[in-house]
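Chain residues, written in single-letter form:
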Amino acid sequence: MRSYSNKEELKAEINKTFDKYISEFASIPEDLKDKKVDGVDRSPAENLAYQLGWTTLLLEWEEDERNGLQVKTPLDGFKWNQLGELYQWFTQTYAHLSLQVLESKLKENVASICAMIDDLTEEELFNPHMRKWADEATKTAVWEVYKFIHVNTVAPFGTFRTKIRKWKKMAL
């Protein structure tokens, strides 16, 4: 996993990978948003729903902790060994929306994550044990908040860009 030396570097990487990822959807017509193709595990709407789901959870974890609430990761009703069911929940919750709405909501989440980064101190972002939700999400590993941000933005934006590019080659 990549490490970052400061907030600006992290935000720049998020925005760079997001811009590349989201640009792939410009040529996908709305009437193909739910089309499945062999060799690609998600339709375009499901692909965006996955990103929207994880970025929403990340923002909710931080907001709930700031409000003094008990945070249940990954989501109340789901355990870390139930990620398949969680991904289905993301699909049921978001994939029915239009591509335009999904893209818009995801752009809002990315902007909110960058604002969250700005609101965190360098210590809160880059040092371990600064958030209960981060400590409780990883019972055995020690993850700093920036790692959760990376694995819910930069990493999947790159991975899922590859998936949507493959989908486009086969479907368009």
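Refer to the structure printed above.
Here the structure is a predicted model, which means the values were calculated and not measured.

(A) Seen up close, the overall build of the protein chain. Looking only at helices and strands, one finds eight helices and zero strands in the protein chain. Each helix and strand of the protein chain, placed in order from N terminus to C terminus, yields the pattern α-α-α-α-α-α-α-α. For the protein chain, whose C-alpha radius of gyration is 16 Å, the value lies close to the compact-globule estimate of 16 Å for 172 residues. Across its three principal directions, the C-alpha atoms of the protein chain cover 45 × 35 × 25 Å. Residues classed as buried in the protein chain amount to 48% of the 172 residues present. Counting only contacts in the protein chain whose residues sit at least 6 apart along the sequence, the fraction spanning at least 24 positions is 74%. Accessible area of the protein chain: about 8700 Å², with a carbon and sulfur share of 49%.

(B) Seen up close, the nonpolar core. By size, the foremost hydrophobic cluster in this structure holds 52 residues, and its most contacted members are Ile-14, Tyr-21, Leu-125 and Ile-149. Looking at this core, the element that brings in the most residues is helix H2 (residues 44–66), giving ten residues.

(C) Representation of the environment of Thr-56. Mapped onto the secondary structure, Thr-56 falls in helix H2. Sequence separation of Thr-56 and Leu-106 is 50 residues, and the distance between their C-alpha atoms is 8.5 Å. Residues contacting Thr-56, with those up to four places away along its chain left out, are Tyr-94 and Asn-109.

(D) Expanded view of the environment of Asp-34. Locating Asp-34 in the fold gives a position in the loop between helix H1 (7–23) and H2. Residue classification places Asp-34 among the partly exposed residues on the basis of a relative accessible area of 49%. Sequence separation between Asp-34 and Ile-149 is 115 residues; the distance between their C-alpha atoms is 28 Å. Beyond its immediate chain neighbours, meaning those up to four positions away, Asp-34 contacts Ser-43, Ala-45 and Ala-95. Only 3.2 Å separates the side chain of Asp-34 from the side chain of Lys-33, close enough to count as a polar contact.

Thresholds, definitions, all that
- Residues numbered from 1 in each chain as written.
- Predicted model: local features only at pLDDT ≥ 70, side-chain atom pairs only at ≥ 80, totals over all residues.
- Heavy atoms only, no water.
- Helix = DSSP H or I, 4+ residues; strand = E, 2+ residues; numbered from the N terminus.
- Rg over C-alpha atoms; globule rule 2.2 N^0.38 Å.
- Buried < 20%, exposed > 50% of the residue type's maximum accessible area, 1.4 Å probe, protein only.
- Contact = heavy atoms within 4.5 Å.
- Areas by Shrake-Rupley, 256 points an atom, 1.4 Å probe, with all protein chains shown as cover.
- Core = buried A, V, L, I, M, F, W, Y, C linked by side-chain atoms within 4.5 Å.
- Polar contact = N/O pair within 3.5 Å; in protein donor to acceptor, adjacent residues only side chain to side chain.

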